[in-house]
Amino acid sequence: MTELNTKAGTKLITHFIAGYPDIESSYETAVGLINGGAYALEMQIPFSDPSADGPVIELACRRALEKGFKVSDGFRLIERIKEYRDIPVYLMSYSGIVYNMGIDRFTAKAAAAGVCGLIIPDLIPGADEGLYAAGRKAGIQIVPVVVPGVPDSRLEEIMAENPDWVYLALRAGITGSYTILDEVNLGFLDKVKTYGVKIMAGFGIKTPQQIKTLIPHCDAAIAGSFIVDRITSSYNDAAGRISVTEAAADAVRYLLG
Amino acid sequence: MSKYNNFFGDYGGRYVPEVLRLPLAELEAAYVEAIEDPAFMAEFKTFQTDFIGRPTPLLHAVNAGKALGGADIYIKLEGLANTGAHKINNAAGQALLAKRMGKTRVIAETGAGQHGVATASACARLGLECVIYMGTEDIRRQRPNVYWMELFGAEVRPVASGSATLKDAVNEAFRDWTSSYKNTHYLLGSALGPSPFPDMVREFQSVIGNEVKQQADFKIDAMVACVGGGSNAIGFFSPFIDLSGPRLIGAEAGGRGPGPGNNAVRMDASAKTGIVQGYKSRFLLDDDGQVLPTHSISAGLDYPGIGPQLAELGRTGRVEFVSVTDGEALAALKFFAATEGIIFAMESAHAGAAAMSIAKELGPGKKIIINMSGRGDKDIFISAAAFDGKNWKTFLLEESGRIND
Ligand SMILES: Cc1ncc(COP(=O)(O)O)c(C=O)c1O
């Protein structure tokens, strides 16, 4: 799958919201992201109180929930996506959702649906409610989130969980606004790389230029709010100029340059 | 009880993204150090005496007791604390701590606006920049407090996400803090959130209970407080928790009655254990774990979670919980105004209403203390509309015409 899904060796992981703008459109979004050349998908299960997310993703999650999205819809969506293409799917959500189902049960269900890894930003090593152990048991990765500024001693603690991948948020703060790539975050990427883990890096990625700058320092770039924004525009476009699938594919092609 | 517990039984903890781990660890260290530092506590004490106006009185509500024909009623008048509610106790403590930590900016959430007013006032005195997040629904309900916050120089940022009430203001404050923590302290207003907030807020509010212990020269049979997040209740109960008596009773918002979306009752079977806003406790959640909408006539009790220590004390039975409807709270407001000449905040009126039935149940010769956590000036638009809607509307229309002139 690797070569098929990457363009010129640039791996792009695309973030989208399950159930947004509605369940069918979120499936079509995933298809578009795959067709556009995404290396992997990061699917967010909406939570009512997404406190690490900025306005774009917060609103998308709220709309999905207003339309009656259920967590079980999310697992079904992943199964359908995996039928369409056997692409790596990471599942992102908050502790509230995972804890409610039971950490072990949620992890096992995700694994059964074909998820390759979980990204749960507010269950961190040392306060994970058994998430990392559950991941090992179910045979799926738990992807820790780190940010520039995390002290070395803490990085050691996180790496002690032996993650395959690390999600590197390129700046402090919430998802959404544009991130400037500078010595600080690129230097941090290089430091984390010395641990021998694979790095997916994101937060505020909106241009192909950013991705070109980023790629030599990591294994995959992640785009989130940018894609959600594109989906929103296409879905809300009364003239219906392009389908959600096309909009998603276009967004990926644009970012891959 | 230890001054820093982190967990209370299974509840509490610190469930936050990696980015907030450092600022919370820094806050924990600063708090643990300051609370044992006589110099800091002396500074806090001076603030309490000179500015807050402590100690607040413990009033023997003779008329109310007679009218009910049950236990004797006493009222701890926290509403006489400067800025109108107990919220200033915590706001002052944390603002002094922020200053000690070298922070120059403070952010806070507010529901009823009392915590926002208290924070803005403390920041004005201490020369700290101040931003208050407030749900648009609460801005509408508690408009007078918005003006006071702005008068104190704070910026009030409306929050329209989610249900546009207190919990959404908390989310927004956390969003701010994840990128601003280097110069900013998040001054959380109730005994909830990730540790060390529940412990820290209890300690800064424990002055209420400590004063009661000094002031009550009689055997207390029961103590009653309203419970939103739980800061006034836990502060009031604090010195009595490890004792076998008096009975400690928390009054939650029963709203319009039972059923999802109609109330904010977390301590009956309709709530369950969850992790929300950085802590584990009892929350109102749907079957997927999504936070349910809540309702209360009082903005300050309109919140889907309860502080972790109170959740644990409810589990052990040390604290009993009752619920009080919107209508019962309004009736209590009227009752204490008529009998004692005191206007309870709508939140505190829930404690008043609970005490009215407990006083009857306990019977004569027993003694009960209500914590009047705040006074009701801020609620004028709600109480006047409820008690005298027609005349109030006429007045508002006339008055708005006058402003246009
Ligand atoms: C007067 C008053 N009492 C009580 C509360 C509820 O908060 P807590 O349960 O933290 O005391 C508020 C909150 O705004 C309030 O303003």
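Residues numbered from 1 in each chain as written. Chains lettered and ligands numbered in written order. Predicted model: local features only at pLDDT ≥ 70, side-chain atom pairs only at ≥ 80, totals over all residues. Heavy atoms only, no water.

**Some points on the nonpolar core**
For step 1, the next point in the chain: Ranked by internal contacts, the top residues of the largest apolar core, which has 162 residues, are Leu41(A), Ile81(A), Leu118(A), Met200(A) and Leu214(A).
For step 2, the next point in the chain: Excluding residues within four positions of it along the chain, Leu41(A) makes contact with Ile13(A), Thr14(A), Phe16(A), Ala30(A), Leu33(A), Ile34(A), Ile81(A), Ile87(A), Pro88(A), Val89(A) and Tyr90(A). (Core = buried A, V, L, I, M, F, W, Y, C linked by side-chain atoms within 4.5 Å. Buried < 20%, exposed > 50% of the residue type's maximum accessible area, 1.4 Å probe, protein only. Contact = heavy atoms within 4.5 Å.)

**Considering the domain arrangement of chain B**
Residues and elements named next belong to chain B.
For step 1, the next point in the chain: By domain assignment, chain B separates into domain 1 (7-51 + 86-201) and domain 2 (54-84 + 206-385).
For step 2, the next point in the chain: The C-alpha centroid of domain 2 is placed 22 Å from the C-alpha centroid of domain 1.
For step 3, the next point in the chain: In this assembly, 41 residues from domain 1 lie in contact with 42 residues from domain 2.
For step 4, the next point in the chain: In this assembly, domain 1 packs against domain 2 so that about 3400 Å² is buried in total across both faces, 59% of it on carbon and sulfur atoms.
For step 5, the next point in the chain: When the area that domain 1 buries against domain 2 is broken down by residue, the three leading residues are Tyr11, His86 and Arg141, summing to 23%.
For step 6, the next point in the chain: Counting every contact that joins domain 1 to domain 2 gives 1 salt bridge.
For step 7, the next point in the chain: Of the charged contacts in the structure, one is a salt bridge between Asp302 and Arg141, with a shortest N-O distance of 2.9 Å.
For step 8, the next point in the chain: Linking domain 1 to domain 2 there are 18 residue pairs in polar contact (both at pLDDT 80 or more).
For step 9, the next point in the chain: Mapped onto the side of domain 1 that touches domain 2, the elements with two or more residues apiece are strand S2 (11-12), helix H2 (38-52), helix H4 (87-100), helix H5 (114-126), helix H6 (136-141), helix H7 (143-151), helix H8 (166-180) and helix H9 (197-215).
For step 10, the next point in the chain: Considered class by class, the residues forming the side of domain 1 that touches domain 2 number 18 nonpolar, 17 polar and 6 charged. (Domains from an automatic or database assignment. Buried area = accessible area lost by both parts, 1.4 Å probe. Salt bridge = Lys/Arg side-chain N within 4 Å of Asp/Glu carboxyl O. Polar contact = N/O pair within 3.5 Å; in protein donor to acceptor, adjacent residues only side chain to side chain. Helix = DSSP H or I, 4+ residues; strand = E, 2+ residues; numbered from the N terminus. Nonpolar A, V, L, I, M, F, W, Y, C, P; charged D, E, K, R; others polar.)

**So, the layout of surface pockets**
The gaps of empty space that remain are located by a probe, the size of a water molecule, rolled over the atoms.
Residues and elements named next belong to chain B.
For step 1, the next point in the chain: Quantified by volume, the largest pocket comes out at close to 400 Å³.
For step 2, the next point in the chain: Lining the largest pocket are 18 residues, with Pro144, Asn145, Trp148, Asp377 and Lys378 positioned closest to its centre.
For step 3, the next point in the chain: Listing elements by their share of the lining of the largest pocket, those giving two or more residues are H5 and H7.
For step 4, the next point in the chain: Take the lining of the largest pocket: its biggest share by element is 5 residues, from H7.
For step 5, the next point in the chain: Taken together, the residues of the lining of the largest pocket break down into 7 nonpolar, 6 polar and 5 charged.
For step 6, the next point in the chain: Residue contributions to the lining of the largest pocket reach at least three from each of two domains, namely domain 1 (7-51 + 86-201) and domain 2 (54-84 + 206-385). (1 Å grid on protein atoms, 1.4 Å probe; cavity = no way out; pocket = protein on both sides within 12 Å on 5 of 7 lines; lining within 4 Å. Points joined across faces, edges and corners; volume = space filled by probe spheres on them.)

**Regarding helix H14 (residues 380-404) of chain B**
Residue and element names in this part refer to chain B.
For step 1, the next point in the chain: Compared with the 36 Å implied by 1.5 Å per residue over 25 residues, the 22 Å span of H14 between its first and last C-alpha is markedly short.
For step 2, the next point in the chain: What H14 keeps buried is the set Ile382, Ser383, Ala384 and Trp392.
For step 3, the next point in the chain: Summarising the contacts, the buried residues of H14 are in contact with H6, helix H12 (326-340) and helix H13 (346-362). (Expected span 1.5 Å × (residues − 1).)

**Notes on the sheet that holds strand S14 (residues 367-372) of chain B**
Residues and elements named next belong to chain B.
For step 1, the next point in the chain: The 6 strands lie next to each other as S3-S4-S14-S9-S10-S13, forming an open sheet whose pairing is mixed. Edge strands, defined here as strands with exactly one partner in the open sheet, are strand S3 (58-60) and strand S13 (319-325). Going from strand to strand, the sheet's axes swing by 25° on average, the running direction of each strand aside.
For step 2, the next point in the chain: Of the pairings in the sheet, the one linking strand S4 (residues 72-77) to S14 comprises 6 bridges and is parallel in character. Considered in S14, the bridge of Leu77 is made with Met372. (Pairing = 2+ DSSP bridges. Axes fitted to C-alpha atoms, helices over the stretch in contact; angles between N-to-C directions.)

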